[in-house]
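Below are the chains, spelled out letter by letter.
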Amino acid sequence: MTRLARRRPLLAGAVLALAAGILAGCGTSAPGTPQPSAPSTPGLSAGSSGSAASASAAPAETSLAPVPATDARLARFYGQTPAWSACGEGGELDCASVRVPLDYARPDGPTLDLAVARKRATASRQGVLFMNPGGPGASGTGYLRFFNTAGLEGFDVVSWDPRGVGGSHPVRCLEGADADAYVALDLSPDTPAENAALIEGSRRFGQACLRKTGDVLAHISTQENARDLDILRGVLGEERLTYVGQSYGTMLGAYYAELFPGRVSRMVLDAGVDVTGRSPVAQTVGFDRALDAFTSTCAATGCRWGSTREEVIASLRAMLGRLDRHPLTVGDQKLTQSQAAAGLAGALYAGTLATPLLERALDELDRGDGSLLKMASNRIYGRDASGGYGGMLGAFQAIPCADRPRISVAEAGVRWAEAKRQAPFFGEYWGPQYVCPTWPVAPVGPLEKVDAAGAPPILVVGGRNDPVAPYEYSEDLARRLNSGVLLTFEGQGHVAYGRSACVDDAVRGYLNRGVVPADGTRCS
């Protein structure tokens with residue numbers, strides 16, 4: 001999960017690390033990412049093969065869609081044997097690479113090597129549990145050691161870097177001063193000149209991605225990533241897929257279930273996203289709801305920014321307005337209005353946990369110190385202490401541009417106006433999304449339908465107060481899936497698993513024993 005206008009975050013794991021890092025001492029280094037040792041840098045090859053509450057039991061296997069036969073042209077990919085080697089801090093994980101076709105229409109053509117990591121079962125083995133932490137663009141191999149496997153010890157938990165991400169031929173775009181200049185663009189243009197600069201900056205960003213990434217840029221769609229996941233399933237010897245997808249990972253899982261309904265065993269989709277690209281609900285709605293909760297609490301507890309929610313929001317707007325006119329110097333960087341809004345959003349991922357952080361950040365900002373918000377903004381954009389940017393800056397935008405229907409620059413402006421109507425605060429500051437309208441590669445587009453007909457029950461977990469993935473997205477996803485079952489988390493924060501004992505028990509009961517919560521179950 002997301003693109004700060006054009007780069008709103010949807011990832012789950014990376015931002016949990018963001019919130020934890022800031023709250024735990026304001027460090028600036030991102031979590032380490034284990035990489036496979038052979039090959040050391042997976043990439044593009046030119047052909048040839050390589051190495052809760054009330055519940056009910058799931059329907060019998062005989063009611064499911066049949067397991068389809070493997071396309072004979074892809075047999076060499078499904079027949080690989082991964083060469084595992086120790087990786088991660090202390091060697092607690094195993095890593096390998098798995099080869100997939102670059103273009104599924106030409107399986108005998110160029111190939112890609114995907115970075116894969118595994119955390120082995122520590123109890124009686126039940127099989128493999130695949131997980132994706134979202135993004136799009138988050139490294140699964142980097143997040144795996146943070147994924148809560150308590151109660152899931154019988155699974156080998158496996159994650160991977162999807163094509164275009166991390167160790168799997170990452171999308172490369174801008175670095176250093178060029179990336180800093182791009183991130184410093186004013187996302188909410190107030191004048192024709194600012195609007196023109198944003199359009200041109202977006203176009204140049206896409207051209208840089210094409211120039212530095214090459215042919216891979218045309219093959220990073222979620223449809224292709226879902227097909228890669230099926231190869232991973234086959235390579236690891238699983239007849240059917242057991243999967244947990246968080247945030248954007250819910251779209252990846254839903255696409256897999258649509259393409260391969262007969263190969264689904266158990267699937268949890270936590271913090272559903274807009275899988276069609278056509279939802280009438282703007283993503284900024286979730287962030288505005290989270291901001292409303294913070295400002296209401298702030299006013300009720302006597303904070304210095306106002307005695308009502310409206311007064312607190314007016315104070316925030318005044319501070320952001322000053323930054324629009326006069327960005328703050330923070331070390332060798334600047335804190336702009338758009339970056340401060342990004343920092344606010346990053347903190348809101350954590351729900352009520354973010355209240356002390358936000359109050360402190362706003363107090364410091366009012367005194368002319370933008371350090372905390374700049375740190376949060378840097379983490380959102382993947383900028384490290386040395387000034388380098390990780391792969392998120394590229395893949396984060398490239399994958400949605402591959403997945404969504406093409407729109408014009410003018411349509412992006414119309415959608416911005418609607419976003420401001422639905423979400424007056426973040427809808428305004430995140431501005432029009434011009435990257436995809438100016439993207440240099442034609443989109444693959446979304447699947448025509450996502451109903452996964454014939455799949456077993458699929459558990460969709462939606463947070464009523466999720467700031468990143470509005471609850472309406474999970475409701476819509478559960479409705480679209482023929483076998484969708486909706487479990488609602490009534491608390492706050494992005495991604496419900498790990499925030500509620502009720503949710504955790506339901507998810508573990510489903511994954512371990514196939515016990516499906518009753519549709520409409522609610523957890524606090």
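Keep in mind it's a predicted model, so treat the numbers as computed, not measured.

Definitions and cut-offs
- Residues numbered from 1 in each chain as written.
- Predicted model: local features only at pLDDT ≥ 70, side-chain atom pairs only at ≥ 80, totals over all residues.
- Heavy atoms only, no water.
- Helix = DSSP H or I, 4+ residues; strand = E, 2+ residues; numbered from the N terminus.
- Buried < 20%, exposed > 50% of the residue type's maximum accessible area, 1.4 Å probe, protein only.
- Areas by Shrake-Rupley, 256 points an atom, 1.4 Å probe, with all protein chains shown as cover.
- Phe/Tyr/Trp six-rings, centres within 6.5 Å; stacked < 30°, edge-to-face > 60°.
- Lys NZ or Arg CZ within 6 Å of the ring centre and 35° of its normal.
- Pairing = 2+ DSSP bridges.
- Disulfide = S-S within 2.5 Å.
- Axes fitted to C-alpha atoms, helices over the stretch in contact; angles between N-to-C directions.
- Parallel < 35°, antiparallel > 145°, perpendicular 65-115°, else oblique.
- Left-handed = near helix turned anticlockwise from the far one by under 90°.
- Contact = heavy atoms within 4.5 Å.
- Nonpolar A, V, L, I, M, F, W, Y, C, P; charged D, E, K, R; others polar.
- Core = buried A, V, L, I, M, F, W, Y, C linked by side-chain atoms within 4.5 Å.
- pLDDT = per-residue confidence, 0-100.
- Salt bridge = Lys/Arg side-chain N within 4 Å of Asp/Glu carboxyl O.

## Structural notes on the overall build of the chain
Okay, so step 1: For the chain, the helix and strand inventory stands at 17 helices and 15 strands.
Okay, so step 2: Put simply, the chain has 524 residues, and 60% of those count as buried.
Okay, so step 3: Accessible surface, the chain as shown: approximately 18900 Å² in total, 51% of it carbon and sulfur.

## Topic: the packing of aromatic side chains
Okay, so step 1: By the definition in use, this model includes ten aromatic pairs.
Okay, so step 2: Relative to Trp-430, the ring of Phe-287 lies with its centre 4.8 Å away and its plane at 70°, an arrangement referred to as edge-to-face. Separated by 143 residues along the polypeptide, Phe-287 in helix α8 (residues 284–300) and Trp-430 in the loop between α15 (426–429) and β12 (458–465) bring together distant segments of the chain. Trp-430 matches Phe-287 in its accessibility class, with the two residues each being buried.
Okay, so step 3: Pairwise contacts between aromatic rings join Phe-287, Tyr-349, Phe-425, Phe-426, Tyr-429 and Trp-430 into one cluster.
Okay, so step 4: Here Arg-118 stacks its cationic end above the ring of Trp-84, 4.1 Å away from the centre of that ring.
Okay, so step 5: Taking the ring centre of Trp-416 as reference, the NZ or CZ of Lys-420 above it sits at 3.9 Å.

## With respect to the pairing of β12
Okay, so step 1: With six of eight residues buried, β12 lies mostly within the body of the structure.
Okay, so step 2: Note: strand β9 (residues 264–270) against β12, four bridges, orientation parallel. Bridge pairing in β12 places Val-268 opposite Leu-459.
Okay, so step 3: Here β12 pairs with strand β13 (residues 484–492) via seven bridges, running parallel.

## As for unusual backbone geometry
Okay, so step 1: Between Gly-135 and the following residue, Pro-136, the backbone shows a cis peptide bond with an omega angle of -5°.
Okay, so step 2: Inspection of the secondary structure assignment puts Pro-136 in the loop between β6 (127–132) and α3 (140–143).
Okay, so step 3: For His-169, which is not a glycine, the phi torsion comes out positive at approximately 50°.
Okay, so step 4: Even without glycine at this site, Ala-452 takes up a positive phi of about 50°.
Okay, so step 5: Secondary-structure assignment places Ala-452 in the loop between α15 and β12.

## Topic: the state of the cysteines
Okay, so step 1: Inspection of the entire model under this criterion finds five disulfides.
Okay, so step 2: One disulfide in the model links Cys-87 with Cys-95; its S-S distance is 2.1 Å. Residues Cys-87 and Cys-95 are joined through a disulfide that is right-handed, its torsion about the S-S bond being 70°. This pair shows no difference in class: Cys-87 is buried, exactly as Cys-95 is.
Okay, so step 3: Shown here is the disulfide that connects Cys-173 with Cys-209, its sulfur atoms set 1.9 Å apart. One disulfide, between Cys-173 and Cys-209, carries an S-S torsion of 105° and so falls in the right-handed class.

## Considerations on the pairing of strand β7 (residues 155–160)
Okay, so step 1: In terms of burial, β7 is largely enclosed, as six of its six residues are buried.
Okay, so step 2: Burial of the side chains of β7 extends over both faces: Phe-155, Val-157 and Ser-159 are buried on one face and Asp-156, Val-158 and Trp-160 on the other.
Okay, so step 3: Two elements, β6 and β7, share four bridges in a ladder whose sense is parallel. Paired with Gly-127 across the strands is Phe-155, a residue of β7.

## With respect to the packing of helix α9 (residues 309–325) against helix α11 (residues 355–366)
Okay, so step 1: In contact at an axis separation of 11 Å, α9 and α11 are set at 50° when each is read in the N-to-C sense. Here α11 runs oblique to α9, going by the angle between their axes. Considering how the two elements wind past one another, α9 and α11 form a crossing that is left-handed. Here α9 contributes Leu-316, Met-319, Arg-322 and Leu-323 to the contact with α11, which in turn contributes Leu-362, Leu-365 and Asp-366.
Okay, so step 2: In terms of residue class, the contact of α9 with α11 is made up of five nonpolar, no polar and two charged.

## A look at the nonpolar core
Okay, so step 1: If you look at the biggest cluster of nonpolar residues, it comprises 77 residues, and the most contacted ones within it are Phe-130, Tyr-243, Met-267, Leu-269 and Trp-439.
Okay, so step 2: Looking at which element gives the most residues to this core, the answer is helix α7 (residues 248–259), with seven residues.
Okay, so step 3: Once residues lying within four places of it in the same chain are set aside, the contact partners of Leu-269 are Tyr-243, Gly-245, Gly-249, Thr-250, Gly-253, Ala-254, Ile-458, Leu-459, Val-460, Val-461, Leu-477 and Leu-481.
Okay, so step 4: Phe-287, Leu-328, Phe-425 and Phe-426 belong to the second-largest nonpolar core, a separate cluster that totals 39 residues.

## Comments concerning the confidence of the model for the chain
Okay, so step 1: Here the chain shows a mean pLDDT of 88. Residues at 70 or above account for 87%.
Okay, so step 2: When the criterion is pLDDT under 50, residues 1–44 qualifies, and its contacts beyond four places in sequence or with other chains add up to 169 contacts.
Okay, so step 3: For residues 53–63, every residue scores under 50 in pLDDT, and the model assigns this stretch 18 contacts once sequence neighbours within four places are set aside.

## Let's talk about the pattern of salt bridges
Okay, so step 1: Scanning the entire structure with this criterion turns up 27 salt bridges.
Okay, so step 2: A salt bridge links Arg-304 to Asp-363; the shortest N-O distance between them is 3.1 Å. Remark: Asp-363 occurs in helix α11 and Arg-304 occurs in the loop between α8 and α9; sequence separation between them is 59 residues.
Okay, so step 3: Among the ionic pairs, Arg-522 bridges to Glu-490, the shortest N-O distance being 3.7 Å. With a gap of 32 residues between them, Arg-522 in strand β15 (residues 521–523) and Glu-490 in strand β13 connect regions that are remote in the sequence.
Okay, so step 4: By relative accessible area, which is 57% here, Arg-522 ends up exposed.

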